[in-house]
Amino acid sequence: MSMTFKKIGDAVLGELGLPIQDQYFGNSSTKDQTLSTLSRRSVKTLIQEDITGLKVNGSITMTTATSYDLPSDFNYIVPDTMNAQNQERILTMPTGSQEWFWLQARNGTDGLRFKCRIVGDQLQVNNPQSGIELIFEYHTKNVVTSQGAPTPDKETFTKDSDRWLLDDELLIMDLKWRFGKTKSIEGWQADLAEFNKYKKTFLGQEGGSQTITVGMGGHSPVVDPYIDPIQ
């Protein structure tokens, strides 16, 4: 884990039997920029997957305002994770446009205390309550760490010394088939199939499995001891 892009690029070219480059990012006009260019597409695609390593805790403390800035590294919210302080029920998120405008037009409150939606880079809240904290999980888009930075601080690679947040093999195998396709290297379809197989296994193992409970939501059923009401 956490290889620099230089090592990732060397691994890609090495597996393809091609000479490795002295550098992948820089100002050299004679340098092949294919890998550095493809890395942007690869990263943007991989961060859309439901990977545990991308999940981050977020929170917003409401005031009387109806709109709040989302975290700067916000990519998308993890479904069914938004809740309000001291509440057990999940907030309705996202609220559809038709329902949202109906909520704005009517008087009174809904059965759920808060309903939210995301518009642009802001979270909109219907009937906010000052001082109540909204908590949620979201997927970060910062998956690259600059040299010397303590945590991931940018969305894509820009230097050979940048480090990848997620599984190195996942990125190496993705770049391998993309590079092969771009350069018309024979066998890139097999590399794509190998990547898809690895990704499927990786996503299954790193996320874990869940027990399916029919009809009880996220809670365990509560069963009271049987007492004969006639006695």
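Our structure is the block above this text.
No experiment lies behind these values; they were computed from the predicted model shown.

Calculation rules
- Residues numbered from 1 in each chain as written.
- Predicted model: local features only at pLDDT ≥ 70, side-chain atom pairs only at ≥ 80, totals over all residues.
- Heavy atoms only, no water.
- Axes fitted to C-alpha atoms, helices over the stretch in contact; angles between N-to-C directions.
- Helix = DSSP H or I, 4+ residues; strand = E, 2+ residues; numbered from the N terminus.
- Parallel < 35°, antiparallel > 145°, perpendicular 65-115°, else oblique.
- Contact = heavy atoms within 4.5 Å.
- Nonpolar A, V, L, I, M, F, W, Y, C, P; charged D, E, K, R; others polar.
- Core = buried A, V, L, I, M, F, W, Y, C linked by side-chain atoms within 4.5 Å.
- Buried < 20%, exposed > 50% of the residue type's maximum accessible area, 1.4 Å probe, protein only.
- Pairing = 2+ DSSP bridges.
- Left-handed = near helix turned anticlockwise from the far one by under 90°.
- Polar contact = N/O pair within 3.5 Å; in protein donor to acceptor, adjacent residues only side chain to side chain.
- Expected span 1.5 Å × (residues − 1).

### Regarding the packing of helix H1 (residues 5-15) against helix H2 (residues 34-46)
Where H1 contacts H2, the two axes come as close as 11 Å, and the packing angle between them is 105 degrees. Overall, the two elements H1 and H2 adopt an arrangement that is roughly perpendicular. Residues Phe5, Gly9, Val12 and Leu13 of H1 touch H2, and the partners they reach there are Leu35, Ser36 and Ser39. Of the residues assigned to the contact of H1 with H2, the class counts are four nonpolar, three polar and no charged.

### Regarding the nonpolar core
Nonpolar side chains tend toward joint burial in soluble globular proteins. Judged by nonpolar contacts, the single largest core of 29 residues is most densely connected at Leu35, Phe157, Trp164 and Leu175. Mapped by element, the contributors of at least two residues to this core are H1, H2, helix H4 (168-182) and helix H5 (188-207). If you tally residues by element for this core, the top one is H4, at seven residues. With sequence-adjacent residues up to four places away left out, Phe157 is seen in contact with Phe5, Ile8, Phe25, Ser39, Arg40, Val43, Val144, Asp162, Arg163, Trp164 and Leu171. Grouped together as the second largest cluster of nonpolar side chains are 16 residues, Met62, Ile77, Ala84 and Ile132 included.

### Focus: the pairing of strand S5 (residues 115-119)
Bridge analysis of S5 against strand S6 (residues 122-126) gives five bridges, and the strand direction is antiparallel. In the sheet register, Arg117 faces S6, and the bridge partner there is Gln124. Hairpin connection from S5 to S6: two residues lie between these consecutive antiparallel strands, with Gly120 at a positive phi of about 65 degrees.

### What about the pairing of S6?
The two faces of a sheet get side chains in turn, since along a regular strand they alternate between them. Among the five residues of S6, four are classified as buried, and the element is accordingly described as predominantly covered. Relative to S6, strand S2 (residues 67-69) runs antiparallel, the two being bridged by three bridges. Pairing of Tyr68 across the sheet is with Leu123, part of S6.

### Looking at the packing of H2 against H4
The contact between H2 and H4 brings their axes to 9 Å, and the two run at 125 degrees. When the interaxial angle is binned, H2 and H4 end up oblique. As H2 packs across H4, the resulting crossing turns out to be right-handed. Facing Thr34, Leu35, Leu38, Ser39, Arg41, Ser42, Thr45 and Leu46 of H2, the residues of H4 in contact are Leu170, Leu171, Asp174, Leu175, Arg178, Phe179 and Thr182. Across the contact of H2 with H4, the residue classes break down as seven nonpolar, five polar and three charged.

### Quick notes on the side chain of Gln21
Mapped onto the elements of the fold, Gln21 is located in the loop between H1 and H2. According to the relative accessible area criterion, Gln21 is buried, its value standing at 17%. Of the polar contacts made by the side chain of Gln21, one reaches the backbone oxygen of Gln23; its length is 2.8 Å. Not counting chain neighbours up to four residues away, the residues in contact with Gln21 comprise Lys6, Asp10, Leu13, Lys31 and Asp32.

### A short note on the sheet that holds S6
Strands pair in a sheet through their backbones, by hydrogen bonds, and they do so in one of two ways: parallel or antiparallel. On the basis of which strands lie adjacent, the open sheet formed by three strands has the order S2-S6-S5 and antiparallel pairing. The outermost strands of the open sheet, each flanked by one partner alone, are S2 and S5. Adjacent strand axes in the sheet meet at a mean angle of 25 degrees, parallel and antiparallel pairs treated alike.

### Digging into H4
Helix length check: H4, at 15 residues, gives a terminal C-alpha distance of 21 Å against a target of 21 Å (1.5 Å per residue), a fit within 8%. Those residues of H4 that fall on the buried side of the exposure criterion are Asp168, Leu170, Leu171, Ile172, Met173, Asp174, Leu175, Lys176, Trp177, Arg178, Phe179 and Gly180. A side-chain oxygen of the first residue of H4 lies 3.3 Å from the backbone nitrogen of Glu169; this N-cap is Asp167. Note on H4: the residue one or two positions beyond its end, Ser184, has a positive phi of about 55 degrees.

### A look at the environment of Asn83
Within the secondary structure, Asn83 sits in strand S4 (residues 83-84). Taking relative accessible area as the criterion, Asn83 reaches 12% and is therefore assigned buried. As for Asn83 and Glu137, which are separated by 54 residues in sequence, their C-alpha atoms are 9.7 Å apart.

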